[in-house]
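# Examination of the molecular architecture
Read off the chains here:
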Amino acid sequence: MTRQWFRLDTAGLIFPAVRSRDWANAFRVSMTLTEDIDPDILQAAVDDLKPRFPSLYVRLKTGVFWHYLEDCGTSPAVREDYAYPLTFMGIREVSRCCLRVLYYRNRIAVEYYHVLTDGTGGSIYLQTLAARYLERRFGITIPPTGQVLDFRAAPSEEELEDSFHRHTGLRASSRREADAFRLTGTKTRDGFRYLITGILPADKLLAAAHEHHCSVTVFLAAVMAEAVMGIQDERCPRRSQKPVKITIPINMRRLYNSRTLRNFVLTLNLGVDPRNGDYSLYDLCQAIRHQLAAEATPQAMAGRIAANVLPQKNPAIRLAPLFIKNAVMGMVYASTGEKKGCLNVSNLGRVTLPESMQPYAERMEFIVGVQKSYPNNCAVLTLGNRTYINMIRSIRETELERRFFSRLVELGIPVEIESNDDGRSD
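Thresholds, definitions, all that
- Residues numbered from 1 in each chain as written.
- Predicted model: local features only at pLDDT ≥ 70, side-chain atom pairs only at ≥ 80, totals over all residues.
- Heavy atoms only, no water.
- Helix = DSSP H or I, 4+ residues; strand = E, 2+ residues; numbered from the N terminus.
- Buried < 20%, exposed > 50% of the residue type's maximum accessible area, 1.4 Å probe, protein only.
- Salt bridge = Lys/Arg side-chain N within 4 Å of Asp/Glu carboxyl O.
- Contact = heavy atoms within 4.5 Å.
- 1 Å grid on protein atoms, 1.4 Å probe; cavity = no way out; pocket = protein on both sides within 12 Å on 5 of 7 lines; lining within 4 Å.
- Points joined across faces, edges and corners; volume = space filled by probe spheres on them.
- Pairing = 2+ DSSP bridges.
- Axes fitted to C-alpha atoms, helices over the stretch in contact; angles between N-to-C directions.
- Expected span 1.5 Å × (residues − 1).
- Phe/Tyr/Trp six-rings, centres within 6.5 Å; stacked < 30°, edge-to-face > 60°.
- Lys NZ or Arg CZ within 6 Å of the ring centre and 35° of its normal.
- Parallel < 35°, antiparallel > 145°, perpendicular 65-115°, else oblique.
- Left-handed = near helix turned anticlockwise from the far one by under 90°.
- Nonpolar A, V, L, I, M, F, W, Y, C, P; charged D, E, K, R; others polar.

Another point: unusual backbone geometry. Backbone geometry follows two general trends: most residues other than glycine have a negative phi, and most peptide bonds adopt the trans configuration. If you check the backbone angles, Ala83 has positive phi at about 55° while not being a glycine. Tracing the backbone through its elements, the reader meets Ala83 in the loop between strand S5 (79–80) and helix H3 (91–94). Owing to a relative accessible area of 65%, Ala83 belongs among the exposed residues under this scheme. Of note in this structure, Asp190 is not a glycine but carries a positive phi near 60°. Here Asp190 shows up in the loop between helix H6 (163–166) and strand S8 (194–201).

Let us now look at the pattern of salt bridges. Per the counting criterion, the structure on display carries 33 salt bridges. The partner of Arg259 in a salt bridge is Glu158, with the nearest N and O atoms 3.4 Å apart. Of the two residues, Arg259 sits in the loop between helix H9 (252–256) and strand S10 (265–272) while Glu158 sits in helix H5 (residues 157–160), which places them 101 residues apart along the sequence. Classification of Arg259 by relative accessible area gives partly exposed; the value is 46%. In this structure, Arg259 engages Glu159 in a salt bridge whose closest nitrogen and oxygen atoms are separated by 3.5 Å. One end of the pair, Arg259, is in the loop between H9 and S10; the other, Glu159, is in helix H5, with 100 residues separating them in the sequence. Several salt bridges share partner residues, and in doing so they unite Arg28, Arg79, Asp81, Glu93, Arg100, Arg107 and Glu111 into one network.

Now for the environment of Tyr84. Its location among the elements puts Tyr84 in the loop between S5 and H3. Residue classification places Tyr84 among the buried residues on the basis of a relative accessible area of 13%. C-alpha separation for the pair Tyr84 and Gly230, spaced 146 residues apart in sequence, amounts to 29 Å. If sequence neighbours within four positions are ignored, Tyr84 has contacts with Asp190, Gly191, Phe192, Arg193 and Asn420.

Using the criterion set out here, one finds 1 cavity of 30 Å³ or more in the structure. Computed from the structure, the largest cavity encloses a volume of approximately 70 Å³. As for the largest cavity, its lining consists of Leu183, Thr184, Ile231, Arg235, Asn376, Ile395, Glu397, Thr398, Glu399 and Leu400. When contributions to the lining of the largest cavity are tallied by element, the ones reaching two or more residues are helix H8 (216–235) and helix H14 (399–410).

Moving on to the pairing of strand S11 (residues 343–351). In terms of burial, S11 is largely enclosed, as 7 of its 9 residues are buried. Sheet analysis places strand S9 (residues 244–251) next to S11, joined by 2 bridges and oriented parallel. The residue bridging Thr247 from the neighbouring strand is Asn344, located in S11. Across 5 bridges, S11 lies against strand S13 (residues 376–383) in parallel orientation. In the sheet register, Arg350 faces S13, and the bridge partner there is Thr382.

Strand pairs in the sheet, formed through backbone hydrogen bonds, run parallel or antiparallel to each other. Judged by pairing direction, the sheet is antiparallel, and its 3 strands sit side by side in the order S1-S4-S3 without closing on themselves. If you trace the sheet from one side to the other, it starts and ends with strand S1 (5–7) and strand S3 (58–62), each paired once. For this sheet, the mean inter-axis angle between neighbouring strands, taken without regard to orientation, is 30°. Pairing analysis gives 3 bridges linking S1 to strand S4 (residues 67–71), with the strands arranged antiparallel. Looking at S4, one finds that Arg7 is bridged to Tyr68.

Once that is clear, we can look at helix H4 (residues 119–138). The periodicity of an α-helix, 3.6 residues per turn, causes residues three or four places apart in sequence to face the same way. Relative to the 28 Å expected for 20 residues at 1.5 Å per residue, H4 spans 28 Å between its end C-alpha atoms, a close match to the ideal helical length. Within H4, 17 of the 20 residues are buried, which leaves it mostly tucked inside the rest of the structure. Count one or two residues on from H4 and you reach Gly139, which has phi positive near 70°.

In this section: the sheet that holds strand S12 (residues 361–368). Within the open sheet, the 5 strands sit side by side as S5-S6-S7-S2-S12. Their pairing is mixed. Among the strands making up the open sheet, the edge pair consists of S5 and S12. Across 7 bridges, the pairing between strand S2 (residues 26–33) and strand S7 (residues 107–113) is antiparallel. Bridge pairing in S7 places Val29 opposite Val110. Its contacts with the sheet put H4 on S2, strand S6 (99–104), S7 and S12, and the angle it makes with S2 is roughly 30°.

Let us now look at the packing of aromatic side chains. The final tally for this structure, using the stated rule, is 12 aromatic pairs. Put simply, the rings of Phe27, Phe53, Tyr57, Tyr112, Tyr125 and Phe366 pair up and form one aromatic cluster. Across the ring face of Trp66, the terminal group of Lys325 is positioned such that the distance to the ring centre comes to 4.4 Å.

Once that is clear, we can look at the packing of H8 against helix H10 (residues 281–295). At their nearest, the axes of H8 and H10 sit 9 Å apart, and the two run at 125° to each other. Viewed along their axes, H8 and H10 adopt a mutual orientation that is oblique. The element H8 and its partner H10 pack so that their crossing is right-handed. Where H8 abuts H10, its residues Val218, Phe219, Ala221, Ala222, Val223, Glu226 and Met229 lie against Leu281, Leu284, Cys285, Ile288, Arg289 and Leu292. When its residues are assigned to classes, the contact of H8 with H10 shows 11 nonpolar, no polar and 2 charged.

Okay, here's the thing in structure tokens:
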């Protein structure tokens, strides 16, 4: 099946409207192999996957009424990784291709402008690319199991659909909720992004979560909320504090049994109001766990989907020129978007590679870029018995990372720390 262009999916519509000269919503998924990358073979693997992933090999175009995605014509050229993760994707770059394929020593990294897909879709592509690369490099056969797709198969309509439209409710949920505490700091020069990676034993992390009667995602969100609450305590008295809420992306594929490779994630802002009293870590775990259980249901999320889908069907909005749509979406994003959470804790969960692929893969990582108006973000991925927690920031201060990882150590979870901070002065 050949498609020359795609409408932006419901989640992707917002990103071109709110991008700025120094910010574009992007994320990275990477895999570190046991041997150095051969760039020529990697390029051949990228070329092989183009017919299988037509919705990723595209560029952003501007129409009269909507932005849309158009086939790039050629595959993106493989490049050696440089500078720091998630360097700014300018409009010139995304107008050529919204996808980057990078390599450094034995690591393959793919960076995505968020109009293309979400973390799950990005992980599926990266795993399939790495599998095809290994087949070409070592002459092995890797069966299409798990999130490794058969690159020879034709993409299905379901993989290319905007699943938000299929699963929308009839009534939109309200977007109203209290604004959250905002983290601030000293901005870095030249848009530099600091990255601190914490590497944890997955079994010990899981055991700690079970001790607090919650999932790993809820546990990490609670530890993060506790760290943010400590920062707020130092900055302002309790009576003038704001709610502390961690933004957790929900993979809607699990709720609706969707196979789409495009965006199908909605976020929930979960947390507590410190003005109501003191919270232990266990209290935070239970508060976030119960909020997540109540909100992350097909029925509740259908209303949230409707809040995004139904406006697209309004005749007045459909016929409005793009510059008016952009202005409206920008105002909605400013008033109801990032102001409601402190930062993301985005957990892709445990990745299980095909057995024939496992001896060649050392690690996988997930990095979500900072948001437009807040300077910290956190992304999590587990491979084997190692969980990789990547905390990225656009400010110099390391207080949040220090509090978060120190607390995990206090709870009996050893943490190995890596950083791209080489002592540069901002």
